[in-house]
Amino acid sequence: MSGSSHLVAMKKVVEQLRFEASINRVKVSQAAADLQQFCMQNALQDPLLTGVSSSTNPFRPQKVCSFL
Amino acid sequence: MGEMEELRKEMENLKDQITAARKTFQDTTLQEAASGVTVVGRVQLKTRKTLRGHLAKIYAMHWGTDSTLCVSASQDGKLIVWDSITTNKVNAIPLKSSWVMTCAYAPSGNLVACGGLDNMCSIYNLKGKDGNVKVMRELAAHTGYLSCCRFLSDTEIITSSGDCTCVLWDIETGTEKMVFAGHQGDCMSLGVSPDFKFFISGACDFTAKLWDIREAQCRQTFSGHESDINAIGFFPNGNAVITGSDDATCKLYDLRADQELITYQDSSIMCGVTSLAASKSGRLLLAGHDDFNVNIWDMLKSERVGVLAGHDNRVSCIGVSSDGMACCTGSWDSFLKIWN
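Reading the values: rules and limits
- Within each chain, residue numbers correspond to sequence positions counted from 1 in written order.
- Labels follow written order: the first chain is A, the first ligand is 1, and so on.
- Restriction of local features to residues with pLDDT of at least 70 applies here, the model being predicted, together with a cutoff of 80 or more for giving and counting side-chain atom pairs; totals for whole chains, interfaces and linings are based on all residues.
- For the side-chain quantities, the full set of heavy atoms in the structure was used; hydrogens and water were omitted.
- UniProt positions are given in the numbering used here, feature names are shortened, and annotations may be inferred rather than shown by experiment.
- What makes two residues a contact is simply this: any of their non-hydrogen atoms within 4.5 Å.
- Buried area counts how much accessible surface, traced with a 1.4 Å probe, disappears from two parts once they are put together, with both parts' losses summed.
- Salt-bridge detection follows one rule: a side-chain nitrogen of Lys or Arg within 4 Å of a carboxyl oxygen of Asp or Glu.
- The way it works is that DSSP assigns letters per residue, a run of H or I at least four long becomes a helix, a run of E at least two long becomes a strand, and they are numbered from the N terminus.
- In protein, a polar contact means a hydrogen-donor-capable atom and an acceptor-capable atom, both N or O and within 3.5 Å, with residues adjacent in sequence counting only if both atoms are side-chain atoms; elsewhere, any N or O pair within 3.5 Å suffices.
- When DSSP finds two or more bridges between a pair of strands, those strands are recorded as paired.
- Note on geometry: axes are lines fitted to C-alpha atoms, helical ones only across the stretch in contact, with angles between N-to-C directions running from 0 to 180 degrees.

Going by what an unreviewed UniProt entry lists, chain B is known as Guanine nucleotide-binding protein G(I)/G(S)/G(T) subunit beta-3-like and is assigned to Eleginops maclovinus. The heading Sequence similarities (unreviewed entry) in the UniProt record of chain B holds the text "Belongs to the WD repeat G protein beta family."

Chain A is annotated in an unreviewed UniProt entry as Guanine nucleotide-binding protein subunit gamma from Eleginops maclovinus. Taken verbatim from the UniProt record of chain A, the Subcellular location (unreviewed entry) comment is "Cell membrane". Database annotation for chain A, UniProt heading Function (unreviewed entry): "Guanine nucleotide-binding proteins (G proteins) are involved as a modulator or transducer in various transmembrane signaling systems. The beta and gamma chains are required for the GTPase activity, for replacement of GDP by GTP, and for G protein-effector interaction."

Peer 1: Would you take a moment to explain the interface of chain A and chain B for this structure?
Peer 2: How big an interface is tends to be expressed through the accessible area that disappears when the partners come together. The interface is formed by 42 residues belonging to chain A together with 65 residues belonging to chain B. Three residues stand out in chain A for area buried against chain B, namely A:Arg25, A:Leu48 and A:Phe59, and they jointly supply 20% of the buried area on that side. Seen at the junction of chain A and chain B, the total is four salt bridges. Among the ionic pairs, B:Glu3 bridges to A:Lys11, the shortest N-O distance being 3.2 Å.

Peer 1: How should the side chain of B:Ser97 be read in this particular structure?
Peer 2: Assignment of secondary structure puts B:Ser97 in the loop between strand E5 (89-94) and strand E6 (100-105). A distance of 3.3 Å separates a polar side-chain atom of B:Ser97 from the backbone nitrogen of B:Trp99.

Peer 1: Can you help me understand the sheet that holds E6(B) in this one?
Peer 2: Backbone-to-backbone hydrogen bonds pair the strands of a sheet. The strands run either parallel or antiparallel. Residue and element names in this part refer to chain B. Pairing is antiparallel across the open sheet formed by four strands, whose spatial order is E6-E7-E8-E9. The open sheet has two edge strands with one neighbour each: E6 and strand E9 (134-140). Ignoring strand direction, the axes of neighbouring strands in this sheet form an average angle of 20°. Two strands pair when backbone bridges link them, and strand E7 (residues 111-116) and strand E8 (residues 120-125) are joined in this way by five bridges, in the antiparallel orientation. Pairing of Cys114 across the sheet is with Ser122, part of E8.

Next comes the structure, spelled out in structure tokens:
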């Protein structure tokens, strides 16, 4: 790479960092609370978390019982 | 070269500024904030189905949006679309290049895509008129291997490459719409946000980047990993990013706080993370490792709550279906397993 293209590349890096430095941020306490809330609100709709009974599990066909 | 020296100084100043800004918003840690939460009980998932048919290592899998069909890619040179409930092979697509590293299912269910060492992303139409599955487009422009691809729709797809860039393609014309450059190392993985406005990329420069798709702009960069990031995904609400690395850890970065919230690590885990997926509520993080296992973490408490052991070789890919009902793992042992 020539000297001037090094310069162009460096300018881009600096410009990008300026952009990243300027974003609005939220406190970790707020972010953490929101993540927690999302987990709690959706817990019952999370089959891997709650477990699935065989009657509602599409991957586990119910075995048919018969009285002999 | 006075200008270069000035720019270097400015670069260092800005990096310090970002670090300082992040610190001022760090009024607590996720660990502290979640201290009142009880750890999830032991999670024991069982293999419900084993999908047999590939003849070599499986490198990638992706669920279709119907939570029943899924596609897998193997270096036996085939893409197989499976009905995960019946275990039937719906399509077995022979590939021009067997060196495949990634595959994707379009949200519509009409298309699948794959790519690898051929540096191309090939799009296949599953719903062709005569019933045969054919190559619809070959997206070629990357100068490095295709590590990952994800459809935005039937007309747009995003790819990540060993050439350090990600690209947004117009499938109909087969041309690049946007190039996302900025990573200083091979891009290994990408994930699209639930609202399809952003995507995240993980790379061999140890960083993860958040990109605004329409502005082609990198919004945020996250560091902290001590080695290549192999896997990346969004937390289900789209506000946080999870990464998995060769450094054997996973990390959770919050987008609005612009920083790492927690690291999922254990001294007994020494193998790199190859793949990851979050459960529907985000509470569970499933991470596939080089040591043939999948570790299950309570994401809020950063405690390991389960292990999926069942493969005889590296777990290379993992995915949770959209309805959250099952997790699918793919391995170098040539099998896919469905767990719940």
